[in-house]
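# Inside the fold
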Amino acid sequence: MSHPDHRMNLRPLETPTGVSAVAGPHDIGASPGDKKSKSKSTRGKKKSMFETYMSKEDVSEGLKRGTLIQGILRINPKKFHEAFIPSPDGDRDIFIDGVVARNRALNGDLVVVKLLPEEQWKVVKPESNDKETEGTCESDLPEELCGHHLPQQSLKSCNDSPDVIIEAQFDGSDSEDGHGITQNVLVDGVKKLSVCVSEKGKEDGDAPVTNDETTCISQDTRALPEKSLQRSAKVVYILEKKHSRAATGFLKLLADKNSELFRKYALFSPSDHRVPRIYVPLKDCPHDFVARPKDYANTLFICRIVDWKEDCNFALGQLAKSLGQAGEIEPETEGILTEYGVDFSDFSSEVLECLPQGLPWRIPPEEFSKRRDLRKDCIFTIDPSTARDLDDALSCKPLADGSFEVGVHIADVSYFVPEGSDLDKVAAERATSVYLVQKVVPMLPRLLCEELCSLNPMSDKLTFSVIWTLTPGGKILDEWFGRTIIRSCTKLSYEHAQSMIESPTEKIPATELPPISPEHSSEEVHQAVLNLHGIAKRLRQQRFADGALRLDQLKLAFTLDHETGLPQGCHIYEYRDSNKLVEEFMLLANMAVAHKIHRAFPEQALLRRHPPPQTRMLNDLMEFCDQMGLPVDFSSAGALNKSLTQTFGDDKYSLARKEVLTNMCSRPMQMALYFCSGLLQDPAQFRHYALNVPLYTHFTSPIRRFADVLVHRLLAAALGEGCDRGPGRPGTARQGVRALGTVLIRNVKERPANGPWPLWKLCPLKTRERTVPDPAPALGLVFALQALALRSHHFQKVGKKPELTLVWEPEDMEQEPTRQVITIFSLVEVVLRAEATALKYSAILKRPGTLGHLGLEKDEECDSEPED
């Protein structure tokens, strides 16, 4: 299932003569053109450095039998020869030692591995900690677990104020792979294998191998206790090339000026040492590069890998672009986006034609008869001061009996994104808006993000609302879902809301507040904020009493210069009551919608689950805490949260210890996942560990997250409406649910030639002991076909191509049933692709390192991820 998914329009390259070199253990970093890298006894022989990949059939059979294991490959950025995949049973990560064992797979690829014999497993020192043996990265944590989350909107504008505050996460590169730089184990009397790779070998193939730069594997491990061994494996197949195969780096001349290679190729050296060095044709290089190589020593290029043969030390590629000078913000930013496969191109004319053409756009008169009109209510937004795309608004109206009518109003993005349109397709491909320190790459065109959908004040907007009747203590007395029209009376910043919370009895001067529509007073808004704050405190208190978990970790906020966009300073972002206020109601809305769509469509609901922590890592942490005398209860999310909040004092040393322990507790945590409710038979697997709730989804951020758009369509269908209510798309509930099912089927069947899979292919098919079920029952389980007005289905093989025939019930009973024939890859392939997709998009394009968390916003505790 591997494929040339990122070749774009690049020309394929032939294997250059002389590229195949003998793959001795120290040749990995050596240039094939360098005579020193060839021994006399093997010079001239054509020997493969890498193993041939197993066949798809053997891989499928191996996964079914459990003799092979699949997982996401993570490569240590500081020790590039070390790599890991997670263990399916939650045990210690599986170790992959060296470039040869990695077999041309790159960081993030979904790979299949075969365990090595036990005598070749990695020896782990008794005093080794998780950092030395596990590959879980801090940046992979779901936002649901992370505290002090930063509102994503603060990234959006560099023009609204002289000093723009934007957020960033601590660089997680040190913990991405979970490995510190430690000396390798030396076991007395145990012979070392010579399969050791020099870390510096990437730059110097003849560099001596020292203890602190190598990972060595013992030949005889039978006398060692089981806990001192880490299972080791080699890659035998790449299921999906998730890595973009693009890299930023620098051009160099080959070392041997007399070699044939020197006259044809230059050497591209990626900045990320996890990516191999790449031969690029000289014809693609600047015309004067050979004559004046030093002129390009600081020039940053983008190169794409187009091939990597079994007998080649290095990959083959082509230069895609010269970015500019290294160290400058724009070239570096473009390089990051390209490396991670983020589409930052302008929207095409076909996509823009899907937008309303007559501007200024006004709400069609017929929508007023279909929606609940809330324009006279006191509704407002609370966002960072620089926010431009306002997803959500709040309202709080006191009732005569002492209760409150509280509303969460979310931009009705699905109205403007007709299903199946070019706009819908590109939004699905992008999947999320991507937020960097100084800019945002939007999922939707800015006309939608910042104008038509954004809930800007004092203008009529289309929304999807959840409205409750709540007691002051947060008890739900009544609940309503529906499409609405609102008119926000003001745009509050978090600072405005915080000042209102901190001054409950004082009137805030008009000069310190944003403009408020004349229909409402500042006092009315102030009181609404106070009422929401009071209810939110009780909701939050109850959530943690019910067993929710929050891992508060510090986050940095940067101050940028208004004109240059360069950073001026940084500080710790403070997560205050105003942030918590909004967060609680976003959580409440997401949970309410999850229950609503699951009740309506128990087999098709798009939900979000968070698995419990990894067992082995959690047990190791428990043992560590016991040894340190720390009374931490790991029995549940709530117990852990209670331990972290009540064990430590308030002095700075206690707080520092708490910060360290919180960071350690984050390591066993897994990522949250999107899933279709029909895929999992056990409802216990639906649960969200961090929130400790049975059902959860994403509803509150449709401007920046495509999953929310899908949930909006499901909610519309649950309410008896069409998936889309835009012009010319009336729709029905049956069509809406069928459309979602067809989308799921279509996208497991097909795959785009370039770029990531669409987000709607979110179906993780978890099979016990990696056993693949029979074709028809499996497809029936995955897509819950019977619930999609399906009369019958039949699975058969036509030649080598399996076919699924669906017979749909007619809309009109007088019509004939509709017959649909779908040619699918093998079922095993369907299952593997579905699982791969679930892993890929569970983070919603969350990127490690420089990109930081993507799309952090106000429903952070649930929203997080981090990506994603």
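Residues numbered from 1 in each chain as written. Predicted model: local features only at pLDDT ≥ 70, side-chain atom pairs only at ≥ 80, totals over all residues. Heavy atoms only, no water.

### Concerning the packing of helix H11 (residues 494–502) against helix H12 (residues 522–545)
Quick note on the threshold: Fitted lines through C-alpha atoms give the axes, limited to the stretch in contact for helices. The angle between two N-to-C directions lies from 0 to 180 degrees. In this text, helices come from DSSP runs of H or I with a minimum length of four residues, and strands from runs of E with a minimum of two, each type numbered from the N-terminal end. Any angle that falls under 35 degrees is termed roughly parallel, while one over 145 is termed roughly antiparallel, one within 65 to 115 roughly perpendicular, and all others oblique. Here a residue-residue contact requires only that any non-hydrogen atoms of the pair lie within 4.5 Å. In this classification, Asp, Glu, Lys and Arg are treated as charged, Ala, Val, Leu, Ile, Met, Phe, Trp, Tyr, Cys and Pro as nonpolar, and every other residue, Gly included, as polar.
Contact pair H11 / H12: the axes reach a minimum separation of 9 Å and the direction vectors enclose 80 degrees. On the basis of their axis angle, the class for H11 and H12 is roughly perpendicular. Contacts from Ala 497, Met 500 and Ile 501 in H11 reach Val 525, His 526, Val 529, Leu 530 and His 533 in H12. Of the residues assigned to the contact of H11 with H12, the class counts are six nonpolar, two polar and no charged.

### Quick look at the pattern of salt bridges
Keep this limit in mind: Salt bridges are defined as contacts in which a side-chain nitrogen from Lys or Arg sits within 4 Å of a carboxyl oxygen from Asp or Glu. The classification of residues rests on relative accessible area computed with a 1.4 Å probe and restricted to protein chains. Under 20% of the type maximum is buried, over 50% is exposed, and intermediate values are partly exposed.
Throughout the structure, instances matching the rule amount to 33 salt bridges. Across the salt bridge formed by Asp 412 and Arg 483, the nearest N and O atoms sit 2.8 Å from each other. One end of the pair, Asp 412, is in the loop between strand S18 (404–411) and helix H8 (413–416); the other, Arg 483, is in strand S22 (residues 476–487), and 71 residues separate them in sequence. For Asp 552, the salt bridge goes to Arg 550, with nearest N and O atoms at 3.0 Å. Residue Arg 550 is classed as buried on the basis of its relative accessible area of 6%. Overlapping salt bridges bring together Arg 540, Arg 543, Arg 550, Asp 552, Glu 583 and Glu 584 as one network.

### Digging into the pairing of strand S10 (residues 246–252)
If a strand is regular, its side chains alternate between the two faces of the sheet. Our working definition: Note on pairing: DSSP must find at least two bridges between two strands before they are called paired.
Within S10, five of the seven residues are buried, which leaves the element mostly enclosed by the surrounding structure. Judged from the four bridges that link them, S10 and strand S11 (residues 265–270) form a sheet pairing that is antiparallel. Among the inter-strand pairings, Leu 251 is bridged to a residue of S11, identified as Phe 268.

### Some thoughts on H12
In plain terms, the rule: For a helix, the expected span equals 1.5 Å multiplied by the residue count minus one.
The first and last C-alpha atoms of H12 sit 35 Å apart over 24 residues, in line with the 34 Å expected at 1.5 Å per residue. Phi turns positive, to about 110 degrees, at Gly 547, one or two residues after H12.

### Thoughts on the nonpolar core
As a reminder, the rule being used: By nonpolar core we mean a set of buried residues, namely Ala, Val, Leu, Ile, Met, Phe, Trp, Tyr and Cys, connected to one another through side-chain atoms within 4.5 Å.
Of all hydrophobic cores here, the largest spans 89 residues; its most connected members are Phe 380, Leu 581 and Phe 585. The leading source of residues in this core is helix H13 (residues 577–600), at ten residues. By size, the runner-up hydrophobic cluster in this structure holds 23 residues, among which are Leu 251, Ala 266, Cys 312 and Leu 319.

Note that all results are geometric; they support no functional claim without further evidence.
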